[in-house]
Amino acid sequence: MGDSIKTARLVAGYFRHNLMSAMAYRGAFILQVVGMLLNDLMLLFFWWILFQRLPTLQGWDLGGVMTIYGVVAFGFGLAHVACGNAFRVAQVIASGDLDYYLTLPADPLVHLIVSRMSLPAWGDILFGLVVFILAGPERWLSLPLFVLLGLLTALVMTAFAVIVGSLSFWIGNADAIALQAVNALTTFSLYPVDIFPPAVRVLLYTVIPAAFVGSVPAALLEDLRWQNLVLMIAFTAGIVLVAAGVFYRGLRRYESGNRVTVRG
Amino acid sequence: MPIITVSELAKTFWSREKQRGLRGSLRALFRPIRRKTEAVKGISFTVDAGERVAFIGPNGAGKSTTIKMLVGILHPTSGQAEVLGKIPWKERQRLAYEIGAVFGQKSQLWYHLPPADTFDLLARIYEVDPSEQRQRMDDLIELFEIGDYLQVPVRKLSLGERMRCEIAASLLHRPRILFLDEPTIGLDVVVKQRIRDLILELNQQEGVTIFLTSHDAGDVEVLCKRAMVINNGEVIYDGRVSTLKRDYIHSKTVSLKLGQPWQGYDGPGVHTLKQRGYGVKLQVDTTIVPIEVVVGQLLARYEIVDINVDNPPMEEIIARIYASPREPPQAG
Amino acid sequence: MIRYAAVVTVAIRQQLAYRAEIVMRAVSMVLFMGVFMALWSSAYGVSGQAELAGYSLAEIVWYLAMTETITLSSSRVFVEISEAVKAGDVAYTLTRPLSYPLYQVAYSLGGSLPRFALNLLTASLVVGLGMGRIAGSAAGLAAFLVTAALALVLDALVAVLIGLAAFWIEEVMPAYWIYQKLLFTVGGLFLPLEMFPGWLRGVVRWLPFQFISYVPARAFVAFEPAFVLQSIAGQVAYITLFAAVVALVWHRAQRRMVLHGG
């Protein structure tokens, strides 16, 4: 119990510290947030045009796709704001910077992932909220569920990033592969999972769990089915445990000293 | 016949001050506070063809600002300068064909490619014709002994190897003056010495005029006949290096790492600056005892793991110049 | 001009040193084309029509293969420029008998070329296999290569402009995102202009963005000499305009450097 309080303090401390340092360059910060907001908004343009030509696509309409965008952007934003370094795990391991986190008293994985905040990601959070509210009537009523699902989405993304980043423990510099894997997750999550052929759909529920980042939570917001909510929570818990397992297994290998040196 | 003439050259920077907090930002928007920095305050000197001149001073003294004005990438606030008969900031690109510039911490080599590729590119940029280039490359490879790693990607070279390539690259177009801004920064003692030897050889073989800045008095001692000391934007000494040494560089520091406990050193002109465990730092007054004598005695008496002899920091030399009653500053 | 050609050559060699990165881009291409094929197959299935806005399924997919080829080969030179500006390194390049913006354009094109070749190959392979046919002609390919080359020049000029903006704004990434998203939308990267509502099409055909994405891809899938010639004229006009703006901005940046030291 004492440990988890300590960890929570560390997370909160980093969050505060990162935010304060962002505020020191307020102009650049606001510019990045607004830039990202516009950036995300323009992505919806495609769907707006497409749904002028088609009524629905495999059961999804513009409102449904906007809900997907809302959840993905909100979760993506949360993950990058609170755990910005989770997406740089491969780089940190490969460059040898991990040693720094190992010398400190806190849990190395938690410490590593929270020690960086992406500033433009605040724009994603804002965009996610706005798009979700605008996607349909009376959306503010389901805001608590939206926030909960956004949190789960963020956890799935972070855990996935840690898993692919941890590949560096085994194969040296996995930076490019990890980046590609995370990009694939984000790309696929923005499309309704039902448009893909069945074989691809299986992949999207397992190896690249894009369904749990986009379509599954979005469907829950349209139609709250309890068994699906339980599935979503179970999957999140599972992938978080796997991520921690993979990271610590790799860490043991790292500490035993037979890692591949990639520096230089 | 001077090839660099500088008179009353001055540069003043205005910087906007950043204030903390939202209120500060707002105030800065409407009534910005501007701060004036006089980086160079009206300096004058001339340099003759074939000279080796050192421009020395602590960080922020105005060395880089001066060198930037001389190569034409910075306009002065007032004053004149002529390099090879051209006003640098007005005829920058024409001057570029006749001068070479090496900035210690700004690499011109392409990081992921072997130096040979950068050499080829520079030859095109400076319009060196191919047969001339081949001849020139052979000479430079021989002088700088870079033949072995001309085909190795730059990222795999050591800092010293890189610096040799860096200097060779800036000589491809046969410049008449070579400007070097902190060429030995970050290098270890042996490599520093190697670079100094090369620059010296270059000057003697090809007659290239050398104008270098440094904050390491060692560079000056070995390399140059003439030194200008600059501090707070003013030249406070301009004269022979031997005179500078005789009058102002009176001490050296010796850092030792021992294989046994320190038992002291008693002799005139030596005192202990710092001692912790097996590490010792001594200051030697070279007007009282030659450095060779002290080092010899230390080697005889102690088991020594590592030894370093350093010049006093620039700040100390400058303090001594200011304190000196004998020789007034010779700045213009 | 020879010296800038030399820069292009060296930049190509440097790009080839980043083999892993090039391969990863090709992987991205496979991924994107896979998503697009699934999406549009589904959309054409739902609509029950053989053509949407005059494009068949194969045509739209080939169209997207071509726009993606250009986008994934496009310039990232603003990253290096803005970093050099912030570090105060740009001033040092002034000692060379060379124009910095032109150098950067040449550098950018050298970086784009190997990527362009690989992306074109990958995209054609994936889409060719997926669709079972090529929706374009030899003349279309020739027109594509010419207009794509001009598109990359225009794109490099925009990237240089974004990079130089670092002299005045602290962070240039947002400017890049917006430019990139304008290409995605009004540039026609994700959707050919024919799918836009009429009023919007009327506006965007005068903007520079469609010359970078839409024009080369359209020239490939529906080759029409008049369209190609008109488009090339437009591209050249915008290249001239942007070159002038870059020159102006560079002039001011240079003034700033030589007066204030960067």
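For clarity, every value in this text was computed on a predicted model and none was experimentally measured.

*Asks:* I keep staring at the interface of chain C and chain A and nothing clicks. Help me out?
*Replies:* Where the parts come together, the accessible area they lose is often given as the size of the interface. Listed as interface residues are 32 residues of chain C and, on the opposing side, 33 residues of chain A. Of the roughly 3000 Å² buried between chain C and chain A, counting both surfaces, carbon and sulfur atoms make up 80%. When the area that chain C buries against chain A is broken down by residue, the three leading residues are Val35, Leu39 and Trp177 of chain C, summing to 19%. Put simply, chain C and chain A have 0 salt bridges between them. Counting across the chain C and chain A interface gives 5 residue pairs in polar contact (both at pLDDT 80 or more). Of all the secondary-structure elements, those providing two or more residues to the side of chain C that touches chain A are helix H2 (19-47), helix H8 (173-184) and helix H9 (198-204) of chain C.

*Asks:* I would appreciate a short explanation of the packing of helix H3 (residues 57-71) of chain C against helix H6 (residues 100-131) of chain C in the present structure.
*Replies:* For any two helices packed against each other, one specifies the crossing angle of their axes together with the interaxial distance. Residues and elements named next belong to chain C. Two elements in contact, H3 and H6, have axes separated by 9 Å at closest approach and are oriented at 165°. The pairing of H3 with H6 is recorded here as roughly antiparallel in orientation. For the element pair H3 and H6, the recorded crossing hand is right-handed. Between H3, through Leu57, Ala58, Val61, Trp62, Ala65, Met66, Thr69 and Ile70, and H6, the contact on the second element is made entirely by Phe116, Asn119, Leu120, Ala123, Ser124, Val127, Gly128 and Met131.

*Asks:* Would you mind showing me how to read the sheet that holds strand S11 (residues 270-276) of chain B here?
*Replies:* The strands that make up a sheet pair up through hydrogen bonds in the backbone, lying either parallel or antiparallel. All names here are of chain B. Strand order in the open sheet made by the 4 strands is S11-S12-S10-S13, with antiparallel pairing throughout. Single-partner strands in this sheet number two, and they are S11 and strand S13 (304-310). Between one strand and the next, the sheet's axes are offset by a mean angle of 20°, whatever the strand orientation. Across 6 bridges, S11 lies against strand S12 (residues 279-285) in antiparallel orientation. By the bridge assignment, Val270 is partnered in S12 with Val284. Strands strand S10 (251-258), S11, S12 and S13 of the sheet are contacted by helix H10 (residues 291-301), whose axis makes an angle of about 170° with S13.

*Asks:* Explanation requested: the confidence of the model for chain A in the structure shown.
*Replies:* As a note on interpretation, predicted positions should not be read in detail where pLDDT is low. Residues and elements named next belong to chain A. Here chain A averages 88 in pLDDT, and 96% of its residues register 70 or above. Least confident of the elements in chain A is helix H1 (residues 2-24), whose mean pLDDT is 82; most confident is helix H8 (residues 143-165), at 96. Residue range residues 258-264 is modelled with pLDDT below 50. Its contacts to residues more than four positions away, or to other chains, number 11 contacts.

The rules behind these values
- Residues numbered from 1 in each chain as written.
- Chains lettered and ligands numbered in written order.
- Predicted model: local features only at pLDDT ≥ 70, side-chain atom pairs only at ≥ 80, totals over all residues.
- Heavy atoms only, no water.
- Contact = heavy atoms within 4.5 Å.
- Buried area = accessible area lost by both parts, 1.4 Å probe.
- Salt bridge = Lys/Arg side-chain N within 4 Å of Asp/Glu carboxyl O.
- Polar contact = N/O pair within 3.5 Å; in protein donor to acceptor, adjacent residues only side chain to side chain.
- Helix = DSSP H or I, 4+ residues; strand = E, 2+ residues; numbered from the N terminus.
- Axes fitted to C-alpha atoms, helices over the stretch in contact; angles between N-to-C directions.
- Parallel < 35°, antiparallel > 145°, perpendicular 65-115°, else oblique.
- Left-handed = near helix turned anticlockwise from the far one by under 90°.
- Pairing = 2+ DSSP bridges.
- pLDDT = per-residue confidence, 0-100.

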